[in-house]
Amino acid sequence: MTQDEMKKAAALKALEFVQEDTIVGVGTGSTVNHFIDALATMKHKIEGAVSSSEESTKRLRALGIEVFDLNSVSEIDVYVDGADEITEHMAMIKGGGAALTREKIVAAVAKTFVCICDESKQVPVLGKFPLPVEVIPMARSYVARELVKLGGDPEYRLGVVTDNGNVILDVHNLDIIDPTALEAKINAIVGVVTNGLFAHRGADILVLGTKNGAKVVK
């Protein structure tokens, strides 16, 4: 299997966790695009979706799936999203697509978080993938200096503006031994909207695309 075929296998497998007559939380990214396409095959069995990005919203609507504003939804049964890295303890780095804040909000509302990704994303320790941090634009330089104090090497992601109108700093050279503590520490920096560590609210289920097909890890 190619990497894209592994992503697709994981996305298709994730349909098993979608309940009929519910609103489905949908993330962002290449693996999730496969999930959205698969979700369209059962769109008449669900009420609709809540999306974590403008990109995913456009794809859902193009396929005839109703997209609800999160403020109009009291609960989400399942949220399906990818990851840039994930550990065996279900902590993740997300935000390669700059949608981390909305992804974290939707994940917080969901009863169950299903992470879908190919096997290359599973790692023993987080940090090889640069950690995205969404920042209020006027605080960018200040936040970067504070991130250096935490041992990171922040780099401004040029030309990227989030759906919330903010900027991204990608923090390199971090070995993230305690992701929950680091997540809280970075979020406490004034000017940070949130960071791409999903440890306080990690995944509940991992659907991993492998060369032998998709497997479920709980």
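Before reading further, recall that the structure is shown in the block above.
Remember, predicted model here, so these are calculated numbers, not experimental data.

Draft legend 1. Geometry of the pattern of salt bridges. Inspection of every chain in the model, using the stated rule, returns 12 salt bridges. Of the charged contacts, one joins arginine 157 and aspartate 170 as a salt bridge, the two residues approaching to 2.7 Å between their closest N and O atoms. Here aspartate 170 lies in strand β9 (residues 167-172) and arginine 157 lies in the loop between β8 (153-156) and β9, a separation of 13 residues in the sequence. Residue class for aspartate 170 comes out buried when judged on its relative accessible area of 12%. Connected through salt bridges with shared partners, the residues Asp81, Lys94 and Glu103 form a single ionic network.

Draft legend 2. Region of the structure containing a negative patch on the surface. A contiguous patch of negative charge, built from Glu20, Asp21, Glu47 and Glu66, is present on the exposed surface. Secondary-structure assignment places glutamate 66 in the loop between α3 (54-62) and β3 (76-81).

Draft legend 3. Seen up close, the environment of threonine 101. By the element assignment, threonine 101 lies in helix α4 (residues 100-109). On a C-alpha basis, the gap between threonine 101 and serine 120 in space is 24 Å, while along the polypeptide they are 19 residues apart. A polar contact is formed between the side chain of threonine 101 and the side chain of glutamate 134, at a distance of 2.6 Å.

Draft legend 4. Main features of a nonpolar patch on the surface. Side chains of Ile136, Met138 and Val193 sit close together on the surface and give an oily, nonpolar patch of about 310 Å² of accessible area. In this fold, methionine 138 is placed in the loop between β7 (131-135) and α5 (140-149). Taking the relative accessible area as the measure of exposure, methionine 138 reaches 81% and is therefore exposed.

Draft legend 5. Examining the packing of aromatic side chains more closely. If you walk through the whole model with that rule in mind, you get 1 aromatic pair. Here lysine 94 stacks its cationic end above the ring of phenylalanine 198, 5.4 Å away from the centre of that ring. Seen from the ring of phenylalanine 198, lysine 104 lies directly overhead, with NZ or CZ sitting 5.0 Å from the centre.

Draft legend 6. Inspection of the sheet that holds strand β5 (residues 92-93) at higher detail. The 3 strands are arranged β4-β5-β11 in an open sheet whose pairing can be described as antiparallel. Only two strands of the sheet have a single partner each, and these edge strands are β4 (85-86) and β11 (197-198). Both β5 and β11 contribute to a ladder of 2 bridges, which runs antiparallel. From the neighbouring strand, methionine 92 faces β11, where its bridge partner is phenylalanine 198.

Draft legend 7. Highlighting the environment of arginine 61. With respect to the helices, strands and loops of the structure, arginine 61 is situated in helix α3. Residue arginine 61 is classed as exposed on the basis of its relative accessible area, which comes to 54%. For the pair arginine 61 and glycine 48, spaced 13 residues apart in the sequence, the C-alpha separation amounts to 9.8 Å.

Draft legend 8. Expanded view of the environment of valine 106. Among the secondary structure elements, valine 106 is positioned in helix α4. Sequence spacing of valine 106 and arginine 157 is 51 residues, and the spatial spacing of their C-alpha atoms is 24 Å. Among residues more than four places away in sequence, those in contact with valine 106 are Gly25, Val50, Ser51, Ser52, Leu70, Ile76 and Tyr79.

Draft legend 9. Broad picture of the sheet that holds β8. Pairing within the open sheet is antiparallel, and its 4 strands lie in the order β8-β9-β7-β10. Looking at the sheet topology across the chains shown, the edges are occupied by β8 and β10 (192-195). For this sheet the average axis-to-axis angle between neighbouring strands, irrespective of direction, equals 30°. Where β7 lies against β9, 5 bridges are found, and the strand directions are antiparallel. Paired with valine 133 across the strands is leucine 169, a residue of β9. Packing against the sheet, α4 makes contact with β7, β9 and β10, and its axis sits at approximately 70° to β10. The strands touched by helix α6 (residues 179-187) are β7 and β10; relative to β10, the strand with the most contacts, the crossing angle is about 165°.

Criteria and thresholds
Residues numbered from 1 in each chain as written. Predicted model: local features only at pLDDT ≥ 70, side-chain atom pairs only at ≥ 80, totals over all residues. Heavy atoms only, no water. Salt bridge = Lys/Arg side-chain N within 4 Å of Asp/Glu carboxyl O. Helix = DSSP H or I, 4+ residues; strand = E, 2+ residues; numbered from the N terminus. Buried < 20%, exposed > 50% of the residue type's maximum accessible area, 1.4 Å probe, protein only. Patch = residues over 30% accessible without salt bridge, like charges linked within 9 Å, V, L, I, M, F, W, Y side chains within 5 Å. Areas by Shrake-Rupley, 256 points an atom, 1.4 Å probe, with all protein chains shown as cover. Lys, Arg positive; Asp, Glu negative; His and termini not counted. Charge placed at Lys NZ, Arg CZ, Asp CG, Glu CD. Polar contact = N/O pair within 3.5 Å; in protein donor to acceptor, adjacent residues only side chain to side chain. Phe/Tyr/Trp six-rings, centres within 6.5 Å; stacked < 30°, edge-to-face > 60°. Lys NZ or Arg CZ within 6 Å of the ring centre and 35° of its normal. Pairing = 2+ DSSP bridges. Contact = heavy atoms within 4.5 Å. Axes fitted to C-alpha atoms, helices over the stretch in contact; angles between N-to-C directions.

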